[in-house]
Amino acid sequence: MMDITLSKIANFVIEGNAGEIPQLVQTALQDGQDPQEILNQGLIAGMDVVGKRFKEGDMYVPEVIASSKAMHAGLDLLKPLLSKSSGSQSGVVILGTIKGDVHDIGKSLVSSMLEGAGFEVVDIGVDVAPERFVEVCLEKKAHIIGISSLLTTTMVHMPAVLHKLEQEGLREQIKVMIGGAPVTTEYAQQIGADGYAADAASAVDVARDLMARRGTR
């Protein structure tokens, strides 16, 4: 049975109530709760519900953003404690909007949802050159690269990221997921990406699946 404090944390994340969460997290820590349990059973449990409701059309972007802020209010307290223990994250994801494209909102939402699911996200911003994705991937020892594009004129740069991974001999190790308004499952298959996410909630499912499939092609 879930601890009542962790249950409250999850509910406040769902409600987007950022003001109450820091105190609840502190209370849980003072009560001897493991930081990983607070993350998993409180913050991630709440964001999982948010993701499902968002996917089903029962929550909308402003509500998801509020929930994301609430989740971060707790995550900011836990991060220093989680970093002391190995394996505290679901995986490391490099996230950016491809070269020539400066759209940010969708990518930021994906970033929040992934962090809410326990991933360590390195957001490298917008207008990111293909080689930069791979460079940061190497620096951070990432498991997944996530590429966003909101324009048909910029999505054509996505394959260059995969080509660069091939050149560096990293294609077998690093999974690549793509998304954005003009992007489709068919396009992902066409360029050889490992996954396609239609929205922020789906991105979490895809990332979890890719982590499970690491080491396979």
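Cut-off values and rules
- Residues numbered from 1 in each chain as written.
- Predicted model: local features only at pLDDT ≥ 70, side-chain atom pairs only at ≥ 80, totals over all residues.
- Heavy atoms only, no water.
- Buried < 20%, exposed > 50% of the residue type's maximum accessible area, 1.4 Å probe, protein only.
- Helix = DSSP H or I, 4+ residues; strand = E, 2+ residues; numbered from the N terminus.
- Expected span 1.5 Å × (residues − 1).
- Bend = angle between axes of the 7 residues up to and from the residue.
- Contact = heavy atoms within 4.5 Å.
- Polar contact = N/O pair within 3.5 Å; in protein donor to acceptor, adjacent residues only side chain to side chain.
- Pairing = 2+ DSSP bridges.
- Right-handed = clockwise from strand over helix to strand, strands pointing away.

## Concerning unusual backbone geometry
So, point 1. Backbone geometry places Asp-127, a non-glycine residue, at a positive phi of 55°.
So, point 2. Overall, Asp-127 belongs to the partly exposed group, its relative accessible area being 43%.

## Some points on helix α3 (residues 35-55)
So, point 1. The terminal C-alpha atoms of α3 lie 28 Å apart, and with 21 residues this matches the ideal 30 Å at 1.5 Å per residue to within 8%.
So, point 2. Of all bends in α3, the biggest is about 35°, found at Ile-44.
So, point 3. Within the span of α3, buried status applies to Pro-35, Gln-36, Ile-38, Leu-39, Gly-42, Leu-43, Ile-44, Gly-46, Met-47, Val-50, Gly-51 and Phe-54.
So, point 4. Contact partners of the buried residues in α3: α1 (4-15), α2 (21-30), α4 (61-82), α5 (105-116) and α9 (200-212).
So, point 5. A side-chain oxygen of the first residue of α3 lies 2.9 Å from the backbone nitrogen of Gln-36; this N-cap is Asp-34.
So, point 6. Following α3 by one or two positions, Gly-57 adopts a phi angle in the positive range, close to 85°.

## Structural notes on the pairing of strand β1 (residues 92-97)
So, point 1. Counted residue by residue, β1 has six buried out of six residues, so it is predominantly covered.
So, point 2. Because side chains alternate across β1, one face comprises the buried residues Val-92, Ile-94 and Gly-96, and the other comprises Val-93, Leu-95 and Thr-97, equally buried.
So, point 3. Note: β1 against strand β2 (residues 120-123), four bridges, orientation parallel. Residue pairing in the sheet places Leu-95 in a bridge with Asp-123 of β2.
So, point 4. For the segment spanning β1, α5 and β2, crossover handedness is right-handed.
So, point 5. Relative to strand β3 (residues 144-148), β1 is paired through five bridges, and the arrangement is parallel. Residue pairing across strands places Thr-97 opposite Ser-148, the latter belonging to β3.

All we've got here are geometric facts, nothing functional implied.
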